[in-house]
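Residue-level structure breakdown
Okay, here's what each chain looks like letter by letter:
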Amino acid sequence: MTMMKKIFYGLFLTLFLTNCASERKPDVERVNTVECSVITDSIFSSMPGSIFAMDGYVYWEDAMGTENFIHVVDVKSGNEICSFGNVGDGPDEFAYSLASVSPSGNFFLNDPVKGMEHLYTIDGSGSYSMKTDRYGKNTSITNLVHLDDETVVNLTPGAESLFCINSGEKTETGGKFPFTEKYENAYYLYQGKLAYNPEHNLLVYSCMGLPYIATYSWKNGKLSLENEIIGEIEGSSQNGKFIIDKDDPVGGAMELALTRNYIVTLDRDVEVEGEKPESKLLRDFSTLPHSLYVYDYDLNLLKIINTEYCILRICGDTRTDEIYAIVVDPEFSLMKINISSLNNH
């Protein structure tokens, strides 16, 4: 494993261990039954990374894998149809990979450290073609999302602007940090998730270190802030850094997923699950949250789904109201959850 991957994995573990307790939410309808099914229980990894869904496929990353670390599962059959992506120093290998799907159905692997992008097109037989592109290196990028095959919004929490937007040869910056004050630990403070719904033309940013979510409209090549919500944060400025109160470590959503009509986050519902128990291991999956928070695209919290599963990852399909989750049951399994079935409750 490369040093960059080790550094980022260490950062993820820090967020993973501190980030699963959500602030207490106002009264909202809670449900504990939702239509769901197991797609496959063959998720063989010591740490599944990000997952994405598009056109009947789920892509999941083996965060600790070095060979063929992206796995593609056919949702209908539950079978893995192909895998690709290698870690290394070779010309087509990745030092630090960031994955994304495009509304066109293409899957992308980017390496901002090496300035490399791979575009993968997959057919129904499991065969795929790959196209490689090169661009300027940018080590400040920690996450990204494709708005189309040519336009990428990069999350740059430690830079002067929250977002760096690349569209062809054009580069712009934008976005609003959760705090107006500048802090030296912004790189760690504002780590988060990005997702895009092309039908609504909305980009969603959720901060992992703080209880903060924002939506941005994408029109005429510009991002414009539409809505934002921020919970209560106990902390203070110390020596140029914002330090969160250790006695009240309220973090943000651990995961973010978009469907056709909903924004879904993975969070701990303290009212039902209780406070996060102390971890007994470096990766103690028994402390993972069980709850999914369902918002509309105006960021109104509609319902909280209290599941029976320890949930590690979620992603959404913006063409349906289905989300996909990697759960611990007791091994890793990939599940499909139908959010629209909540309308029957």
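Bear in mind the structure is a predicted one, so any value in this text is a computation, not a measurement. (Residues numbered from 1 in each chain as written. Predicted model: local features only at pLDDT ≥ 70, side-chain atom pairs only at ≥ 80, totals over all residues. Heavy atoms only, no water.)

Below, the discussion takes up the environment of Ser102. As for its position among the elements, Ser102 is in the loop between strand 7 (98–101) and strand 8 (107–111). You can call Ser102 buried: its relative accessible area is 0%. On a C-alpha basis, the gap between Ser102 and Pro198 in space is 9.3 Å, while along the polypeptide they are 96 residues apart. Discounting residues that sit within four places of it in the chain, Ser102 has contacts with Met54, Phe108, His146, Asp148 and Asp149. (Helix = DSSP H or I, 4+ residues; strand = E, 2+ residues; numbered from the N terminus. Buried < 20%, exposed > 50% of the residue type's maximum accessible area, 1.4 Å probe, protein only. Contact = heavy atoms within 4.5 Å.)

Take the packing of aromatic side chains next. This model, assessed by the stated rule, comprises 18 aromatic pairs. For the pair Phe52 and Phe107, a centre-to-centre distance of 6.2 Å together with 75 degrees between the ring planes defines the contact as edge-to-face. With Phe52 in strand 3 (residues 48–54) and Phe107 in strand 8, this residue pair connects regions lying 55 residues apart in the sequence. One exposure class covers both Phe52 and Phe107, and it is buried. Every member of this aromatic cluster is reached through a ring pair, and the members are Phe52, Tyr59, Phe84, Phe107, Tyr120 and Tyr128. (Phe/Tyr/Trp six-rings, centres within 6.5 Å; stacked < 30°, edge-to-face > 60°.)

This part takes up the pairing of strand 12 (residues 151–155). Of all 5 residues in strand 12, 5 are buried, a share of seventy percent or more. Of the two faces of strand 12, the one carrying Thr151, Val153 and Leu155 and the one carrying Val152 and Asn154 are both buried. In this sheet, strand 13 (residues 163–167) lies alongside strand 12 in antiparallel orientation, the contact comprising 5 bridges. Residue pairing across strands places Leu155 opposite Phe163, the latter belonging to strand 13. (Pairing = 2+ DSSP bridges.)

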